[in-house]
Each structure stands twice: as C-alpha cells, then as structure tokens.
Amino acid sequence: MTDQTVLVVGASRGLGFALAAEWLDRGWHVIATARGRSDGLAALAERHDDRFEIETVDINDADGVRALRNRLDGRRLDVLFINAGIARAIEESPATASERDFLDMMLTNAFSPVRAAEMLRDVVSEGGTIAIMTSELGSIANANGGWQLYSSSKAALNMLMKGYAAKNAADGHTLLLVAPGWVRTEMGGSEATLSIEESIPLVVDMIAASRGKPGLRYVDRFDEELPW
Ligand SMILES: NC(=O)c1ccc[n+]([C@@H]2O[C@H](COP(=O)([O-])OP(=O)(O)OC[C@H]3O[C@@H](n4cnc5c(N)ncnc54)[C@H](OP(=O)(O)O)[C@@H]3O)[C@@H](O)[C@H]2O)c1
C-alpha cells in the first residue's frame, strides 16, 4: 500500500483501463476518467472503493476539464497520465480522407491532451510526473507512411509537448511521451503484436523508474528513447 495518487484520463477501456487497474494492483489511489459509463471501471470501483474514484470528462470539452481541475482543488497527483486517443481513416491519405476525421484526430490526440496537461499541471505534485500516451508512429524520423494521418496527429502531440516542456520547465515535472508498443485493443486490432499484459506493466515500471528526472523524454515501455 502507498499514499500515492494517479489520475488516468481516458480509462474506460483498452490501455487506459489497464493502467488504472495496474496502479490499483500496486496499491495506489487511482482516479480514472471516462466519457460515459464504463462497466469495467464500475467493477473496479466495487472491488477497491476506498482507493478508487471515477470522474466523467471528455478531453475535448475544455469546460469539462476545467471543472475536473476544480473538483481536484487541494489534491496532489503524483502521476497525471493522459491516455485518451482515437484512430480514424488509418488507410487514408489527405487525398482520400475526410477532413473531419483528420481534424478529430488532431483535436483528440494532439491539442486536447496538452491543453489538459496545462489545465491540470498545478495539481501535480512537486517532483511529480505528467505522462501522455503517444505512439511509436509519432516519430517523424522513423515514419514509413503507415497510419499516415494518425501518425501526424501523434507527431503534432510530440511537438506540442516540446513547447509545453520549454514553457513550463520551472515546474520541475517529469514529462513523458509514452509509446506503448502495438497492442491488441479496439484501436490496435487483433493483429497487434502485444497483449495488454505485455505492455502496460512495463509502462508503469518505466514511469516509476523515471520519477524525479525532470524534463521531457519520448520513450517506449522499456524506457528507451525514441527518435523524434
Ligand atoms: N493500441 C495500440 O497499439 C496503441 C499504440 C500506440 C499508441 N496507442 C495510444 O494509446 C491510447 C489508448 O489506446 P487504446 O489502444 O487503448 O485505444 P481504445 O481501446 O480505442 O481506447 C481509447 C480510449 O480513449 C478514450 N477516449 C477517446 N476519445 C476521448 C475523448 N474525447 N475524451 C476522453 N476519452 C477519450 C476512449 O474512451 P471511450 O470509451 O469513451 O471512447 C477509450 O477509453 C491512445 O492514445 C492511442 O493512440 C495505442
């Protein structure tokens, strides 16, 4: 048991749900958000009602994120993990994709996570960590054309976090852009190489090992730095 607290934003299912469950297993106090009802989170709440809270927020709703920040007044987060993300039009290029799909990904995967970090950073403890789920596909250096539009939204996320890190260096927070590997979830699909159990415990280990190391890193689950 520990007195540490993590907030996982976008935890209704998939990797975010697994992160919340993993930190609960490790004795943390966990605040998990969903956009609507999540049966998985409700079941976790039944088992861990003393250490588990469910909040409702859509990361694209600035007022909703601000309201969440206000509800956290007086609280201290050791880790803020922003996991929410979407993948649309994965086979498409700008010539064939719908503009709406691209804009939705840029909003949900890039703009909104960094806005949420800005809105919530003052409840992250001194020496605390802000982690955002990016992807190996967000690397411009390694790009090979796969999932072109989604990859671009994760590259934009990485760039926005570069700016965030420069502007908020005085916070002294550990800032992590986390690439979890290709994992079998609704987004990753059944062909993905990793099970959730092969990714998420390593992600949580990596975050623990990064504690107290301020500044921004783009890293995979093994704590290996990725080329931007
Ligand atoms: N799976 C992979 O192989 C892989 C690889 C690299 C990176 N990632 C990244 O890992 C993260 C999780 O992916 P996943 O595979 O677990 O995908 P997933 O199974 O599709 O789950 C996505 C999660 O994001 C939430 N979400 C989406 N839009 C949201 C919004 N506007 N506000 C709040 N929450 C929102 C979803 O909530 P709802 O239930 O309400 O839709 C759900 O909890 C994403 O950022 C993804 O890009 C995944």
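Refer to the structure above for everything that follows.
Report on the accompanying structure. (Residues numbered from 1 in each chain as written. Predicted model: local features only at pLDDT ≥ 70, side-chain atom pairs only at ≥ 80, totals over all residues. Heavy atoms only, no water.)

Topic: helix H2 (residues 39–47)
Next, step 1: Within H2, the full set of buried residues consists of Leu-41, Ala-42 and Leu-44. Buried residues of H2 fall within an arc of 160° about the axis and therefore sit on the same side. Residues of H2 that are exposed and point over 90 degrees away from its buried face: Asp-39, Glu-46 and Arg-47.
Next, step 2: In this fold, the buried residues of H2 make contact with helix H1 (14–25), strand S2 (29–34) and strand S3 (52–56). (Buried < 20%, exposed > 50% of the residue type's maximum accessible area, 1.4 Å probe, protein only. Helix = DSSP H or I, 4+ residues; strand = E, 2+ residues; numbered from the N terminus. Arc of directions from axis to C-beta. Contact = heavy atoms within 4.5 Å.)

Some points on helix H4 (residues 99–120)
Next, step 1: With 22 residues, H4 should reach 32 Å at 1.5 Å per residue; the first-to-last C-alpha distance of 30 Å fits that figure.
Next, step 2: At Ser-112, H4 shows its maximal kink, close to 35°; a proline, Pro-113, follows between one and four residues later.
Next, step 3: Turning to H4, its buried residues are Met-105, Thr-108, Asn-109, Ala-110, Ser-112, Pro-113, Val-114, Ala-116, Ala-117, Met-119 and Leu-120.
Next, step 4: In the core, the buried residues of H4 are packed alongside strand S1 (5–9), helix H3 (62–71), strand S4 (77–82), strand S5 (124–133) and helix H5 (148–167). (Expected span 1.5 Å × (residues − 1). Bend = angle between axes of the 7 residues up to and from the residue.)

Observations concerning the pattern of salt bridges
Next, step 1: Across all of its chains, the model carries 13 salt bridges by this definition.
Next, step 2: Notably, a salt bridge pairs Glu-55 with Arg-71, separated by 2.8 Å at the nearest N-O pair. Here Arg-71 lies in helix H3 and Glu-55 lies in strand S3, a separation of 16 residues in the sequence.
Next, step 3: You can call Glu-55 buried: its relative accessible area is 13%.
Next, step 4: Given a relative accessible area of 43%, Arg-71 falls into the partly exposed group.
Next, step 5: Residue Asp-122 pairs with Arg-69 through a salt bridge whose shortest N-O separation is 2.8 Å. Taken together, the residues Asp-122 in the loop between H4 and S5 and Arg-69 in helix H3 connect sequence positions 53 residues apart.
Next, step 6: Several salt bridges share partner residues, and in doing so they unite Glu-22, Arg-26 and Asp-205 into one network. (Salt bridge = Lys/Arg side-chain N within 4 Å of Asp/Glu carboxyl O.)

Here's the deal with the sheet that holds S2
Next, step 1: Ordered in space as S3-S2-S1-S4-S5-S6-S7, the seven strands form an open sheet in which the pairing is parallel. The open sheet is flanked by S3 and strand S7 (215–220), the only strands paired with a single partner. Going across the sheet, the axis of each strand differs from the next one's by a mean of 20°, ignoring polarity.
Next, step 2: One ladder, built from five bridges, connects S2 with S3; its direction is parallel. Residue Ala-34 lies in a different strand from S3, and its bridge partner there is Thr-56.
Next, step 3: Along the sheet, H1 contacts S1, S2, S3, S4 and S5; its crossing angle with S1, the most-contacted strand, is approximately 170°. (Pairing = 2+ DSSP bridges. Axes fitted to C-alpha atoms, helices over the stretch in contact; angles between N-to-C directions.)

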